[in-house]
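These are the residues of each chain, in order.
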Amino acid sequence: MSTFDLDGQDKGVRVALASLQGLVARRRPEIYLLQSWDDVRSNHGYLRWYMDKGWVKEEHRYDDPYRLIAAFRDAAHGLVVVDPEQEHTLNVATNVAGVENLLIVYPDQLPEVDLPVVCDLRGKFADAAGAYAWAYKRCWPRQSRAMLCCFHTSVAHDFQRDYAVQHRLHTFWLPGPDDPDHSPDLEAHVERLLHDAPANIPVLGFWSAVSDDGAPRGVGEYAGVRLAGTYAKYTWVSDWAGNYSFHAAAPVDATVFERQPARRKTFRPYRPDVTYVALIMIESGDAPGYLQYGLRFFQWDDPTRGKVPLSYGITPAARKLLPGILQWLYETAAPNDYFFSSISGAGYCYPLEGYGSASPVDQDGRRVTEHEAVAEYFRATDERMSGLDMDMLGLYSHPWTPWTDADDTFVDDTIVPDMPKVTAVLADMGRNDGTTPANANRMAAGGVSVHHTLTRWPNQAWYPPYDTTNDEAAAQWLADQIRTNAAGGRFVQAMFYSWHYGPRRLRRVADLLQPDGYVFVTADEFDHLWRTANDQNGPS
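Attention in this report is confined to the structure presented alongside it.

Calculation rules
Residues numbered from 1 in each chain as written. Predicted model: local features only at pLDDT ≥ 70, side-chain atom pairs only at ≥ 80, totals over all residues. Heavy atoms only, no water. Buried < 20%, exposed > 50% of the residue type's maximum accessible area, 1.4 Å probe, protein only. Helix = DSSP H or I, 4+ residues; strand = E, 2+ residues; numbered from the N terminus. Contact = heavy atoms within 4.5 Å. Phe/Tyr/Trp six-rings, centres within 6.5 Å; stacked < 30°, edge-to-face > 60°. Lys NZ or Arg CZ within 6 Å of the ring centre and 35° of its normal. Salt bridge = Lys/Arg side-chain N within 4 Å of Asp/Glu carboxyl O.

## As for helix α17 (residues 503-513)
Okay, step 1: Within α17, burial applies to P503, R505, L506, V509, A510, L512 and L513.
Okay, step 2: Against the buried residues of α17 lie β13 (275-281), α11 (295-300), β14 (310-314), α16 (471-486) and β21 (518-521).

## Regarding unusual backbone geometry
Okay, step 1: With omega at -15°, the peptide bond leading from I343 into S344 counts as cis.
Okay, step 2: Summarising the element assignment, S344 is placed in the loop between β15 (337-341) and α14 (370-386).
Okay, step 3: In this structure, P464 follows Y463 across a cis peptide bond, with omega equal to -5°.
Okay, step 4: On the secondary structure map, P464 appears in the loop between β19 (449-452) and α16.
Okay, step 5: With a phi angle near 55°, R168 is a residue other than glycine that sits in the positive phi range.
Okay, step 6: Positive phi, normally seen in glycine, also occurs at D428, with a value near 90°.
Okay, step 7: Tracing the backbone shows D428 in the loop between β17 (424-427) and β18 (441-443).

## Overview of the packing of aromatic side chains
Okay, step 1: A full pass over the atoms with the stated rule returns 38 aromatic pairs.
Okay, step 2: Relative to F491, the ring of Y270 lies with its centre 6.3 Å away and its plane at 10°, an arrangement referred to as stacked. One end of the pair, Y270, is in the loop between α9 (244-247) and β13; the other, F491, is in strand β20 (residues 491-495), with 221 residues separating them in the sequence.
Okay, step 3: By relative accessible area, which is 7% here, F491 ends up buried.
Okay, step 4: Among the aromatic residues, those joined into a cluster by ring pairs are W37, Y290, Y293, F297, F298, Y463, Y466 and W499.
Okay, step 5: In this structure, R145 is placed above the aromatic ring of W140, and the distance from its NZ or CZ to the ring centre is 3.7 Å.
Okay, step 6: Note that R305 overlies the ring of W300, its terminal NZ or CZ placed 3.9 Å from the centroid.

## Things to note about the pattern of salt bridges
Okay, step 1: Throughout the structure, instances matching the rule amount to 38 salt bridges.
Okay, step 2: Between R61 and E59 there is a salt bridge, with its nearest N and O atoms 2.8 Å apart.
Okay, step 3: E59 gets classed as partly exposed once you look at its relative accessible area, which sits at 28%.
Okay, step 4: Note that E100 is salt-bridged to R138, the shortest N-O span being 2.9 Å. Of this pair, E100 sits in helix α4 (residues 89-100) while R138 sits in helix α5 (residues 128-139), and the two are 38 residues apart along the sequence.
Okay, step 5: Given the relative accessible area of 31%, R138 is considered partly exposed.
Okay, step 6: Each member of the salt-bridge network shares a partner with another, and the members are R27, R28, E30 and D74.

In C-alpha cells:
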C-alpha cells in the first residue's frame, strides 16, 4: 500500500492524487491518502485497522506527491487541465478524467508530471452552465448510471473525487440563487440530469458547502435533498472524507453483519413504576463522511462507551462504501451499542415530502410513478437493512412541524407493506410540535411500532464532545429536556445530538436521572418494553 499525507498540501496535489487513486483502484486499491481533520481526528487509524486485519501487508510512505504519480503513471492515459479562473472546470475535469482515464492537474503542475495533455479546459467556456452542458454531452453517454456526484470545488469535496473517477460517475454542482455561478440555465441542466438518471440511485457528496474563502455556497441541504428526492434520488453525504475507492474494496467477513452484539443481551422485565429512555443518534449516521471523521472520535473511542445504552443510526450505504469500517464497528460494539438504519433508510431523503413526485425514469427510460418510486425505495432499504441485522428504520420528519394523520397513513400504507422485515420506525429529527408522551408511541399496521422523538438538539456551543469543558452544562440540559418532555409518560425516545454528545456526557445524563426512576435502554429493548406494557408482543 502506497500512502501520502495530504495535510498541508495545496488543491492541485489533493485533486491530482485523488484522481490517481481512483484510476489505480480500477485494477486494485493500492493508494491510501492520509488526512487529519484537527489535532485529535485523522484517518490514520483506519489504515492501522486494515493492517491489523492483514488486509494491508505493508505501507510505503511517499513524501513527494510527484514521485507517487510517477510510480503509477501507467494508470493514466494523459492529463486533463483545470482552468483556475473557472472553478467549475474542476467538476468538468472529474467527468473527463473518469471516461478518458486522465489525471486531473492545474496548470502549475504541468512541469512536474510526465504525461501528455489530452484535454485542456483553460479558456474553453463562457460560464458554468455552458461548461456543464459540454461535460454532459461529452461524458454522460459513457458514464455509469449507478450514482451521481454533487461536488463543490472547495476543499471539503476534494478528497472524494477518487470514487467519481474510479466509477466514471457524472459530477455536477447546483449553486444557490446568490452564488456567482448561478443561472436558470444551470438549474435546468441539473434538473434534466436528475430526471435522466435512473430512479432510486444515490447522489454522492452534498448540496451545501463553504467556499475556501468562507462564503456559503450551494442550493442548501434542505432544498437539495428535497429536489433530489422528487426525482427519486437519495443523498450519501460524503464530503470532508475520501479514500472511498480504497475502503469499498475491503475484503470483509460478511458473517460479522449477521448478528449485531446488542442482540446478545437479555431484556429486563417490564416495570410500570419507571420511565424508560432510549437515547438515539438519529442524525449524522446517514453520512458516510461522518462515519470517517466523526463517529470514531465523538462517540466510539470514548472509554465510557458501553456503560450506558445508546442506539446509533448507521447508514446501510456503509456496506458498499465503507465495509471495512463497518466491520470494525460490528466487531468492537458492546451489548449496549445498538444499530438501526439511519434516516431515511437507503440514503438521506425526505420520504414524507414528495419523494419520486417529479416523474423520474427507470434504467430503461420508462416513467416511474411516485408510488412505484417509493415502493422500490423501501423494498431496497428493507433488503439492505436485513443484510446488516437491522430491523428498525430511522424516518426523517422536520422538527418544529406537526406530525400529521397523513404521515401515519404513509407509514401504514406505504412503508409497512414494502418492508416486511422491519419491526419499528424511529421517527423525527427532533421533537415535532404537538408530540407528547401521550401520542409519541403507537402501533402501526402490520405490527410495526412507531416511536417519535421527544427532545430536540441544543443551540449551545458544546462542540466537540471529546472536550470535557462543557460536560456538565451539556448533560444538565439534556437531562432537563428529558424530564420536561417525559412528563406524564413512561416511554421517552430522546435524541442526542452527535456533534455535542458522546458516551461520557450521556453517562452523566443517566447519572442525573436514574435516581428519579429513569431507566436507560437501547431502542430494541425500548420497543420490547413498550409492546409489553401495551400487550403488543403477541401475533400481529
